[in-house]
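# Close look at the chain arrangement
Listed here are the chains, written in short residue letters.
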Amino acid sequence: MTVRQDQLSNGFRIVSEHMPGLQSASIGIWVAAGARHERIEQNGIAHFLEHMAFKGTKKRSALQIAEAIEDVGGYINAYTSREVTAYYARVLKADVPLAMDVIGDIVMNPVFDPKEIEIERGVILQEIGQAADTPDDVIFDWLQEESYRDQPLGRTILGPTERVSNFSREDLSGFVAEHYGPEQMILSAAGAVDHDMLVKTAQEMFGHLHPRKGLIADAARFTGGEARQLKDLEQAHFALALESPGYRDDQIYTAQIYSSALGGGMSSRLFQEVRETRGLCYTIFAQTGAYADTGATTIYAGTSGEQVAELAGITIDEMKRAADDMSDQEVARARAQMKAGMLMGLESPSNRAERLARLVQIWDKVPSLEDTVARIDAVTTQDVRAFAEQMAVRAPAALAVYGPVDAAPSLQELQERRAA
């Protein structure tokens, strides 16, 4: 399998990987325009724009967009994150030109019909309402807000109801004008693809765009803080975030191995101690997420209101214990899980296309899998213990608790336990 990369004269980038033996391909456009690129009055507009891309273009109605891909048995979708918006499709080999035409059309030529804006506004407001009724959606939004308070990175991707209720056609067009320049776009494809054809088609579709620098997102600051709300729920939801490296930091692999060993699977410390030994919860996990300039290691669990204090205390104790006695076997297992998860995921052309786009966005190139595996293998037990000590004692923290949480410790109480 060979990765190839090109760039048009206006800055538009193309990356692809041919995967022999496949009869299908995944293709999409990743735009460096997510929730953290919004001004406060725009919060939610990147996600609104993603919805509107499927609501009609200059040459296709909303139904025709769906039919064009589904008539050939394909699949089309999009998503908005805090740093990117992606539009992608999965089709058979012969239909790659069609998919590229449809994806390019919805990105370049949305009409933002006022009637369709009102229909989709209602859909998004329903989506916001559904998220508000889902405790583990709510708590992670609160945790993000407390981690990056008063910053674009701390705001919700969906946006608040009052802003979404008032976005206009001009607001949508203005966000596109600010952020959808050729230098912010990456065409990424994997599977049964012909790179030269992709470059030729990209030149025809995007080569006329004038280069323009996108607006630079504000630098992130992990502030820490606490969100707490009592509510009559079956479970108390507990989420703790600790400042961790961004994805350009050399320590990112150490952070990911640490969170895997701490709470990444059934053999992890938190799962074994909190669930298997003490029976305090059904769900508990730890994970590390990263952005361009910051990151967070997050621990989440749901338990009863009577047991949330015990669970929180054990969590801190296990974090501190990991700094002292994380074993070679645990680190080796976490490394193996990390490599296997990455390599198994890359058997999917959709996952591979997304990985290519993200790496080009981060590094402007695609490091080899061998290089990535070598970086994972280079992390030692001592590296993980040192990182664990930082997480247990010194890293800035944010806390969110929701439900019957009268007995849940405060962030200050958890900080005191960390320092003891």
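Nothing here was measured: the structure is a model prediction, and the numbers come from that model. (Residues numbered from 1 in each chain as written. Predicted model: local features only at pLDDT ≥ 70, side-chain atom pairs only at ≥ 80, totals over all residues. Heavy atoms only, no water.)

## A look at the overall build of the protein chain
For clarity, the cut-off: Each helix corresponds to a stretch of at least 4 residues labelled H or I by DSSP, and each strand to a stretch of at least 2 residues labelled E; elements are numbered beginning at the N terminus. It is over C-alpha atoms that the radius of gyration is taken, and the globule rule equals 2.2 Å times the number of residues to the power 0.38. Each residue is assigned to one of three classes by its accessible area relative to the maximum for its type, calculated with a 1.4 Å probe on protein chains only: buried under 20%, partly exposed between the two thresholds, exposed over 50%. In this analysis, two residues are considered to be in contact whenever any of their non-hydrogen atoms come within 4.5 Å of each other.
In terms of helices and strands, the protein chain carries 16 helices and 11 strands. For 420 residues, the compact-globule estimate of 2.2 N^0.38 gives 22 Å, and the C-alpha radius of gyration of the protein chain, at 23 Å, lies within 12% of that figure. On the principal axes, the C-alpha backbone points of the protein chain span a range of 65 × 50 × 35 Å. Expressed as a percentage of the 420 residues in the protein chain, the buried residues total 54%. Taking the intrachain contacts of the protein chain between residues at least 6 apart in sequence as the baseline, contacts between residues at least 24 apart amount to 81%.

## Looking at helix H8 (residues 195-206)
To be explicit about the condition: Under the convention used throughout, the expected extent of a helix is 1.5 Å for every residue step, that is, one less than its residue count. Within 3.5 Å is the distance limit for a polar contact, defined as a pair of N or O atoms, with the added protein rule that one can donate a hydrogen and the other accept it, and that residues adjacent in sequence qualify only through two side-chain atoms.
For H8, with 12 residues, the first-to-last C-alpha span of 16 Å sits near the 16 Å given by 1.5 Å per residue. Those residues of H8 that sit buried are His195, Leu198, Val199, Thr201, Ala202, Met205 and Phe206. For H8, the secondary structure elements touched by its buried residues are strand S1 (2-7), strand S2 (13-18), strand S3 (24-31), helix H3 (96-108) and strand S6 (185-191). Capping the start of H8 is the job of one residue whose side-chain oxygen sits 3.0 Å from the backbone nitrogen of aspartate 196: aspartate 194.

## Comments concerning the packing of helix H1 (residues 45-52) against helix H4 (residues 114-132)
Formally: To obtain an axis, a line is fitted to C-alpha atoms, over the contacting stretch when the element is a helix, and the angle between two such axes runs from 0 to 180 degrees between their N-to-C directions. An angle counts as roughly parallel when it lies under 35 degrees, as roughly antiparallel when it exceeds 145, as roughly perpendicular when it falls between 65 and 115, and as oblique in every other case. Crossings are classed by handedness, with left-handed meaning an anticlockwise turn of the near helix from the far one by less than a right angle and right-handed meaning a clockwise turn. Following the grouping adopted for this structure description, the nonpolar residues are Ala, Val, Leu, Ile, Met, Phe, Trp, Tyr, Cys and Pro, the charged ones are Asp, Glu, Lys and Arg, and the polar ones are all others, Gly among them.
As a packed pair, H1 and H4 sit with axes 10 Å apart at the nearest point and diverge in direction by 125 degrees. As far as their axial angle goes, H4 and H1 are oblique. For the element pair H1 and H4, the recorded crossing hand is right-handed. Contact residues: His47, Phe48, His51 and Met52 in H1; Glu116, Ile117, Glu120, Arg121, Val123, Ile124 and Glu127 in H4. Grouping the constituent residues of the contact of H1 with H4 by class yields 5 nonpolar, 2 polar and 4 charged.

## Some points on the sheet that holds strand S11 (residues 397-403)
How we decide: A pair of strands is considered paired only if DSSP assigns at least 2 bridges between the two.
Pairing is mixed across the open sheet formed by 5 strands, whose spatial order is S7-S11-S8-S10-S9. Looking at strand neighbours, the two that pair on one side only are strand S7 (225-230) and strand S9 (284-290), the edges of this open sheet. For this sheet, the mean angle separating the axes of adjacent strands, direction not counted, is 15 degrees. The sheet contact formed by S9 and strand S10 (residues 295-303) spans 7 bridges and is antiparallel. Bridging from a neighbouring strand, phenylalanine 285 pairs with tyrosine 300 of S10. Contacts between helix H16 (residues 411-419) and the sheet are confined to S7, strand S8 (236-244) and S11, with S11 contributing the most and set at about 130 degrees to the helix.

## A closer look at the packing of aromatic side chains
As a reminder, the rule being used: Classification of ring pairs uses Phe, Tyr and Trp, with its six-membered ring standing for Trp, and accepts pairs whose centres are within 6.5 Å; under 30 degrees between planes counts as stacked, over 60 as edge-to-face, and the remaining range as tilted.
Throughout the structure, instances matching the rule amount to 10 aromatic pairs. Residues tyrosine 148 and tyrosine 291 carry aromatic rings whose centres are separated by 6.4 Å and whose planes lie at 85 degrees to one another, so their mutual orientation is edge-to-face. One end of the pair, tyrosine 148, is in the loop between helix H5 (135-147) and helix H6 (161-164); the other, tyrosine 291, is in the loop between S9 and S10, and 143 residues separate them in sequence. Like tyrosine 291, tyrosine 148 is buried. With a centroid separation of 5.5 Å and 65 degrees between ring planes, the pair formed by tyrosine 258 and phenylalanine 387 is classed as edge-to-face.

## Quick word on the sheet that holds S2
In space, the 6 strands of this open sheet follow the order S1-S2-S6-S3-S5-S4, with mixed pairing throughout. The open sheet has two edge strands, S1 and strand S4 (75-80), and neither has a second partner. In this sheet, adjacent strand axes meet at a mean angle of 15 degrees when their direction is disregarded. Lying over the sheet, H1 contacts S4 and strand S5 (85-92), oriented at roughly 170 degrees with respect to S4. Of the strands in this sheet, S1, S2, S3 and S6 touch H8, which is tilted by about 155 degrees from S2.

## Brief notes about the nonpolar core
Spelled out, the test is: Nonpolar core, defined: a set of buried Ala, Val, Leu, Ile, Met, Phe, Trp, Tyr and Cys residues in which side-chain atoms within 4.5 Å join the residues together.
Ranked by size, the top nonpolar core spans 52 residues in total, and within it Tyr87, Ile106, Tyr180, Leu187, Leu198 and Phe206 carry the most contacts. Beyond its immediate stretch of four places on either side in the chain, leucine 187 contacts Phe12, Arg13, Ile14, Val15, Ile27, Gly28, Ile29, Met100, Leu198 and Ala202. If you look at the next biggest cluster of nonpolar residues, it comprises 46 residues, including Ile257, Ala312, Ala388 and Ala408.

## Things to note about the side chain of threonine 85
Relative to the helices and strands, threonine 85 resides in strand S5. From its side chain, threonine 85 meets the backbone oxygen of alanine 33 in a polar contact 2.6 Å long. In this view, threonine 85 contacts Ile29, Trp30, Val31, Ala33, Gly34, Ala46, Glu50, Tyr79, Thr80 and Tyr180; residues no more than four positions away in its chain are not counted.

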